[in-house]
Amino acid sequence: MSAYRALILVSMVVFALALSYALTYGILRLEVPLTLRDLAKLYISTTFNPLKRELSAMTPEGVTAIVWDYRGTDTFFEIVVFYGAIIGSVALLGAVYRYPPGPGLSLIAKTVTRIVATMILVVGAAIALHGHLTPGGGFQGGATLAVSITIALVTFSLGALMLRGLTYGGMVALRSLGLIGIVLTVFMVVIASLTAGITAYVFQNQPKPGVPIGMAYSVDGIVFSGTVWFLNVLDAIAVAAGFALLFIVLIGGGVEGERE
Amino acid sequence: MMRFIAVFLLGFLVYIVFTGSVSLYDIVSGLAVAVIVSAICSRYLVRDERKLSIARLGHLISFVIRFIGAEIRAHADVTKRILSDIRKAINPGIIKIPYEVQSDYAITMIANSITNTPGTAVVEIDPAERCFYVHWLYVKTYKRDEMKREVVSFYEDYARRVFD
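Residues numbered from 1 in each chain as written. Chains lettered and ligands numbered in written order. Predicted model: local features only at pLDDT ≥ 70, side-chain atom pairs only at ≥ 80, totals over all residues.

Going by what an unreviewed UniProt entry lists, chain B is known as Cation:proton antiporter and is assigned to Ignisphaera aggregans. UniProt, in its Subcellular location (unreviewed entry) section for chain B, records the words "Cell membrane". (UniProt positions renumbered as here; feature names shortened; annotations may be inferred.)

For chain A, the name recorded in an unreviewed UniProt entry is Sodium:proton antiporter, with Ignisphaera aggregans as its organism. Per UniProt, chain A carries the Subcellular location (unreviewed entry) text "Cell membrane".

If you want it as structure tokens, here you go:
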């Protein structure tokens, strides 16, 4: 072993030791403030608080509570912008035609993708279904589901997946189903309030001061946070189908052939 | 039916491990997700469900344990080569090695095991000629049988027992 190589080895060891020492004993001063701002206190005391039922979103995960309850209307218009972009891409690239199955990637990539894509589907569903409990939610879960569809599209080719049911029309239908479901969920409490003869807010989840009607937040002790659970699941379906549609159009749009 | 159950178990296991919790909600939602995913995917994951057996699973587990040993030896070998005189320590080359297993899973298991151990990497597979092209950091021999014994035989034996 030459002196040069020994020097490289020693410097690598010294660097690793110095970095771990600095991180362990806080020499880099990456400190977190210990006091909370009033806004943070307000959110923490109202995201999930059965004692303040009339002010609480009853959603244990703070970020999802803000996204789908405190500022639900804002999120709704974000979704509208996202689908506007997808509709724009579809309009630009035109309809997708029926393709013959392509060669795709190698046998090894195909075999691994069979297993991995299946596992990613499960993980995406888990992220969406735990949106009200842990970080994540409908959009994140849907984007993860779309990853599974995208790697399958690349590995097996668009034509091969079309033969097995991943079609342009199917994805449009699935995306529309998710969007219609979101709109219905938004008006669920309003519809219920009409039958009770009182008025409620659009996007209302839990009972609010002056509106003593709202969704249940748990069933037999299982917390699902009312509308938040439905919005997460439906958003995941709509986002996954939307992304899938986008990739189908990007891969296969704008080519002459037999119309699907 | 067997293939549905196998993929269902895989899905449920991944769901619970990813969630990291076993409350009633996790179990009920995990069961539902695993049923749906297995209904969609199981026919693409398992072609011949008569092959699903405990004995094959046992071979797979014994392979994983022995593979860890092979992995450590390969890491130690490559580390030694990196730290010694580079002109003498490596003799890189791409070799062609035929395989004799039949199923896609067996071929993939051999190829990924070769790639995962440092020092060797499968760069191309030719299903028509039934052979791998493997990049080898230190080509020890140019004899066909010896190359096969050095690089592939250990994995091929197990791949045949687990998947073929």
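This part covers the UniProt feature "transmembrane region" (unreviewed entry) in chain A. Residue and element names in this part refer to chain A. Per the UniProt record, "transmembrane region" (unreviewed entry) is found at residues 79-99, 111-133, 145-166, 178-203 and 223-251. Between the first and last C-alpha atoms of residues 79-99 the distance is 31 Å; the span itself is 71% helix and 0% strand. A distance of 13 Å separates the end C-alpha atoms of residues 145-166, which is 82% helix and 0% strand. (Helix = DSSP H or I, 4+ residues; strand = E, 2+ residues; numbered from the N terminus.)

Membership of the largest hydrophobic core comes to 53 residues, with the highest contact counts inside it found for V122, A126, V233, A240, A244, L245 and I248 of chain A. Only helix 3 (62-70), helix 5 (107-129), helix 6 (138-156), helix 7 (158-163), helix 8 (168-186) and helix 10 (227-252) of chain A together with helix 1 (2-19) and helix 2 (24-45) of chain B provide two or more residues apiece to this core. The leading source of residues in this core is helix 10 of chain A, at 17 residues. Excluding residues within four positions of it along the chain, A126 of chain A makes contact with Y15, F18, T19 and V33 of chain B. Core analysis: the next-biggest nonpolar cluster, separate from the first, contains 23 residues, I97, Y105, I125 and W136 of chain B among them. (Core = buried A, V, L, I, M, F, W, Y, C linked by C-beta atoms within 7 Å. Buried ≥ 20, exposed ≤ 12 C-beta atoms within 10 Å, placed from the backbone. Contact = placed C-beta atoms within 7 Å.)

Further remarks concern helix 7 (residues 153-163) of chain B. Taken together, the buried positions of helix 7 of chain B are occupied by Y155, E156, Y158, A159, V162 and F163 of chain B. The secondary structure elements touched by the buried residues of helix 7 of chain B are helix 3 (54-83) and helix 5 (104-116) of chain B.

A separate point is the pairing of strand 3 (residues 131-136) of chain B. All names here are of chain B. Because side chains alternate across strand 3, one face comprises the buried residues F132, V134 and W136, and the other comprises C131, Y133 and H135, none of which is buried. Alignment of strand 1 (residues 93-98) against strand 3, held across six bridges, turns out to be antiparallel. By the bridge assignment for strand 3, K96 is matched with Y133. Where strand 2 (residues 120-126) hands over to strand 3, the hairpin turn is made up of four residues, of which R130 adopts a positive phi near 55°. (Pairing = 2+ DSSP bridges.)

Quick look at helix 3 of chain A now. Buried residues of helix 3 of chain A: T64, A65, V67, W68 and D69 of chain A, and no others. Residues of helix 3 of chain A that are buried sit in contact with helix 2 (38-47), helix 4 (72-93) and helix 10 of chain A.

Attention now moves to the sheet that holds strand 2 of chain B. All names here are of chain B. If you walk across this open sheet you meet the three strands as 1-3-2, and the pairing is antiparallel. In the strand order of this sheet, the two ends are held by strand 1 and strand 2, each with one partner. Across the sheet, the axes of successive neighbouring strands diverge by a mean angle of 25°, strand direction being ignored. Along the sheet, helix 5 contacts strand 2 and strand 3; its crossing angle with strand 2, the most-contacted strand, is approximately 150°. (Axes fitted to C-alpha atoms, helices over the stretch in contact; angles between N-to-C directions.)

Along the chain, S11 of chain A falls in helix 1 (residues 3-24). In the structure, S11 of chain A is positioned 184 residues away from T195 of chain A in sequence and 75 Å away in space, judged by C-alpha atoms.

Let us now look at the UniProt feature "domain: Na+/H+ antiporter MnhB subunit-related protein" (unreviewed entry) in chain A. In the UniProt entry, the feature "domain: Na+/H+ antiporter MnhB subunit-related protein" (unreviewed entry) is given for residues 108-243 of chain A. Structurally, residues 108-243 of chain A is divided into 68% helix and 3% strand, and its ends, taken at the C-alpha atoms, are 26 Å apart.

Running from N to C, helix 5 of chain A and helix 5 of chain B cross one another at 105°; their axes reach a closest spacing of 9 Å. With respect to helix 5 of chain B, the element helix 5 of chain A is oriented roughly perpendicular. Here helix 5 of chain A contributes L107, I108, T111 and V112 of chain A to the contact with helix 5 of chain B, which in turn contributes D104, Y105, I107, T108, A111 and N112 of chain B. Here the residues of the contact of helix 5 of chain A with helix 5 of chain B sort into six nonpolar, three polar and one charged. (Parallel < 35°, antiparallel > 145°, perpendicular 65-115°, else oblique. Nonpolar A, V, L, I, M, F, W, Y, C, P; charged D, E, K, R; others polar.)

All names here are of chain B. Tracing the sequence through the fold places N112 in helix 5. The partly exposed category is assigned to N112, around which 15 C-beta atoms lie within 10 Å. Along the sequence, N112 and Y155 sit 43 residues apart, while their C-alpha atoms lie 9.8 Å from each other.

All names here are of chain B. With respect to the element layout, H135 can be found in strand 3. Judged by the 17 C-beta atoms lying within 10 Å of it, H135 falls in the partly exposed class. On a C-alpha basis, the gap between H135 and Y155 in space is 16 Å, while along the polypeptide they are 20 residues apart. Among residues more than four places away in sequence, those in contact with H135 are P92, I94, T120, A121 and V123.

Listed per partner, the contact involves 21 residues of chain A and 26 residues of chain B. Elements with a contribution of two residues or more to the side of chain A that touches chain B: helix 1 and helix 5 of chain A. A total of 14 residues in the side of chain A that touches chain B trace back to one element, the largest contributor, which is helix 5 of chain A. Classifying every residue of the side of chain A that touches chain B gives 14 nonpolar, five polar and two charged.

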